Amino acid sequence: MKVYLDNNATTIVDPHVFSEMEPFFVQKYGNPNSLHAYASETHRPLKTAMEKIYAGLNASREDSVVVTSGATESNNWVLQRIYFDYILTGRKNHIIVSEVEHPSVLATAKFIESLGCKVTYLPINQDGLIEAHTVSAFITPKTALVSIMWANNETGAIFPIEEIAQLCQEKGVLFHTDAVQAIGKFPIDLKSVPVDYLTFSAHKFHGPKGVGGLFMRKGKELQPMLHGGSQMGGLRSGTLNVAGIVGMGKAMELASDALDFEMHDIKELRDSFEDELLTIKDTFVVTPRAKRTPNTILISFRGIEGEAMLWDLNKAGIGASTGSACASESLESNPVMEAIGAEADLAHTAIRFSLSRFTTKEEIDYAIVVVKKAVERLRGISSSYAYTNVCS
Ligand code: 7TS
């Protein structure tokens, strides 16, 4: 049996999304900016797709949603542009990011720090959560931007974005949120939450890879990072990824329709999986369930190297993760486990299971059997686990 439990890394393209995209490769392949029928036949599908994206975010038509190549580009755009327009000009000198942002935020923050910007890396607590009041403690009159993700990709922890956005608005500081892991997991309402910028990526909600977006609140539009043509209202140049945009629109619509299913049925499946995993001795889950996205579990099995566990799971047809796939080429411990201050031997044992609306009960039942077997085998050959047991 094959079981895919790495949906925070990427998701299967929903077959309905795929069939909507198909005509835009070999039939309707015109460049939307050209002046002929090949172009104009793409206009309505593009418009419909953009309407679905605005609806999914509950964004006002006055705000800008700009299509990008994905979250990495959107995150780079916000931080680098803030550097150019606010830091380099001397108007401000400081930004705040959480210490558990995705590398596309953290590495960009480090880059602009190397150019002279002061950066505060906001800590998380032992539960992997952020408390809104800690953000205000770090804001100074020279703070240009606060950037905090809506939900964390490793733990699924949901951060109090409504409160943080509110307090940034009160203090006159721009606020950006990376909502990559939030879309399709719980409702996003940009008419009621005053974020200035919001990042998303289609392949995390059953759309295609290489396409995502940046929401920018009216009056807070950033200057373009990619210069060239006049696409996307002059905000981002480059020939439009027509199939990608059509796919992202459909994926957003389906994700909104499936929210109840995700928040109840998938959560129930996740919870039953977690309950079974927690019957295994010496296991620890980070972040209370009520504060997590409905699909994610980050669990440590004391005495077992995460990579060894992945190997056993992979051999049995199960795909999971030990941390961000972006870091899977280096044997690093899980960054969130380090940030919550987990003991070194636990930080290396974390495994992330992330479900999707395509995950079935049969798959979870199979995964439970495989994980239990793997834990028994690996603890049997683990010198560190044997040592812990002798000493306790
Ligand atoms: N932001 C968050 C919160 C993410 O989880 C990811 C990908 C990105 C940005 C980057 O998205 P991209 O579409 O530009 O690649 N996260 C992961 C992960 O958790 N495992 O693999 C990729």
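Every residue gets a number counted from 1 within its own chain, in the order that chain's sequence is written. Per-residue local features are limited, in this predicted model, to residues with pLDDT of at least 70; the limit for side-chain atom pairs, both in listing and counting, is 80 or more; totals at the level of whole chains, interfaces and linings are taken over all residues. No hydrogens and no water enter the side-chain calculation; it runs on all heavy atoms of the structure.

Caption draft 1: Molecular detail of the overall build of the protein. The secondary structure listing takes helices from DSSP runs of H or I that are at least 4 residues long and strands from runs of E that are at least 2 residues long, numbered from the N terminus. A count of helical and extended segments in the protein gives 14 helices and 12 strands. Overall size of the protein, expressed as C-alpha extent along the three principal axes, is 75 × 55 × 35 Å. In the protein, buried positions account for 55% of the 392 residues. Each accessible area value is a Shrake-Rupley result obtained with a 1.4 Å probe; residue values ignore everything except the protein chains displayed when judging cover. Here the protein displays about 16900 Å² of accessible surface, and carbon together with sulfur accounts for 55% of that area. In this tally, Asp and Glu contribute negative charge and Lys and Arg positive charge; neither His nor the terminal groups of the chain are included. Charged groups are reduced to one reference atom each: NZ for lysine, CZ for arginine, CG for aspartic acid, CD for glutamic acid. Distance between charge centroids for the protein: 4 Å, based on 37 positive and 46 negative side chains. Using a 1.4 Å probe on the protein chains alone, a residue whose accessible area is under 20% of its type maximum counts as buried, one over 50% counts as exposed, and one in between counts as partly exposed.

Caption draft 2: Highlighting unusual backbone geometry. Phi angles above zero are rare outside glycine, and Asn-58 is one such case at about 45°. Structurally, Asn-58 is set in the loop between helix H3 (37-57) and strand E2 (64-68). Using a relative accessible area of 27% as the deciding quantity, one classes Asn-58 as partly exposed. With a phi angle near 55°, Asp-282 is a residue other than glycine that sits in the positive phi range.

Caption draft 3: Molecular detail of the state of the cysteines. The term disulfide is used for any two cysteine sulfur atoms that are within 2.5 Å. Taken as a whole and assessed by the stated rule, the structure comprises 0 disulfides. Cysteine Cys-117 remains unbridged, with the sulfur of Cys-168 as its closest cysteine sulfur at 15 Å.

Caption draft 4: Here's a closer look at the site of the ligand. Proximity is defined per residue: if any heavy atom of the residue lies within 4 Å of a molecule or strand, that residue is considered near it. Near the ligand there are 18 residues, and of these Thr-72, Asp-178, Ser-201, His-203 and Lys-204 occur at the shortest range. Side-chain atoms alone can form a polar contact between residues adjacent in sequence; in general such a contact is a pair of N or O atoms within 3.5 Å, and within protein one must be able to donate a hydrogen while the other accepts it. Taking Arg-352, its side chain carries an N or O atom lying 2.9 Å from an oxygen atom of the ligand.

Caption draft 5: Summary view of the packing of helix H10 (residues 306-315) against helix H13 (residues 361-380). A fitted line through C-alpha atoms represents every axis, and for helices the fit uses only the stretch in contact; the resulting angles, taken between N-to-C directions, go from 0 to 180 degrees. Orientation of H10 relative to H13, taken along the N-to-C sense of each, is 130°, at an axis distance of 10 Å. Judged by the angle between their axes, H10 and H13 are oblique. Viewed along their axes, H10 and H13 form a crossing whose handedness is right-handed. Residues Ala-308, Met-309, Asp-312 and Leu-313 of H10 pack against Val-370, Val-371, Ala-374, Val-375, Arg-377 and Leu-378 of H13. Residues were grouped as follows: Ala, Val, Leu, Ile, Met, Phe, Trp, Tyr, Cys and Pro as nonpolar; Asp, Glu, Lys and Arg as charged; and all remaining residues, including Gly, as polar. Taken together, the residues of the contact of H10 with H13 sort by class into 8 nonpolar, no polar and 2 charged. Any angle between 65 and 115 degrees counts as roughly perpendicular, while under 35 counts as roughly parallel, over 145 as roughly antiparallel, and the rest as oblique. A crossing counts as left-handed when the near helix is turned anticlockwise from the far one by less than a right angle, and as right-handed when that turn is clockwise. Any two residues whose heavy atoms approach within 4.5 Å are treated as being in contact.

Caption draft 6: Spotlight on the pairing of strand E6 (residues 174-178). Burial of E6 is extensive: 5 of the 5 residues sit out of reach of the surface. Burial along E6 is two-sided: Leu-174, His-176 and Asp-178 and Phe-175 and Thr-177, pointing in opposite directions, are all buried. Two strands pair if DSSP finds at least two bridges between them. The pairing of strand E5 (residues 143-147) with E6 spans 3 bridges and is classified as parallel. Its bridge partner being in E6, Leu-145 is matched across the sheet by Leu-174.

Caption draft 7: Geometry of the environment of Ser-98. For Ser-98, the position within the fold is in strand E3 (residues 94-98). Residue classification places Ser-98 among the buried residues on the basis of a relative accessible area of 0%. Remark: the alpha-carbon pair of Ser-98 and Ala-258, spanning 160 residues in sequence, is separated by 30 Å. Setting aside anything within four residues of it in sequence, one finds Ser-98 in contact with Leu-106, Leu-122, Ile-130, Ser-147 and Ile-148.

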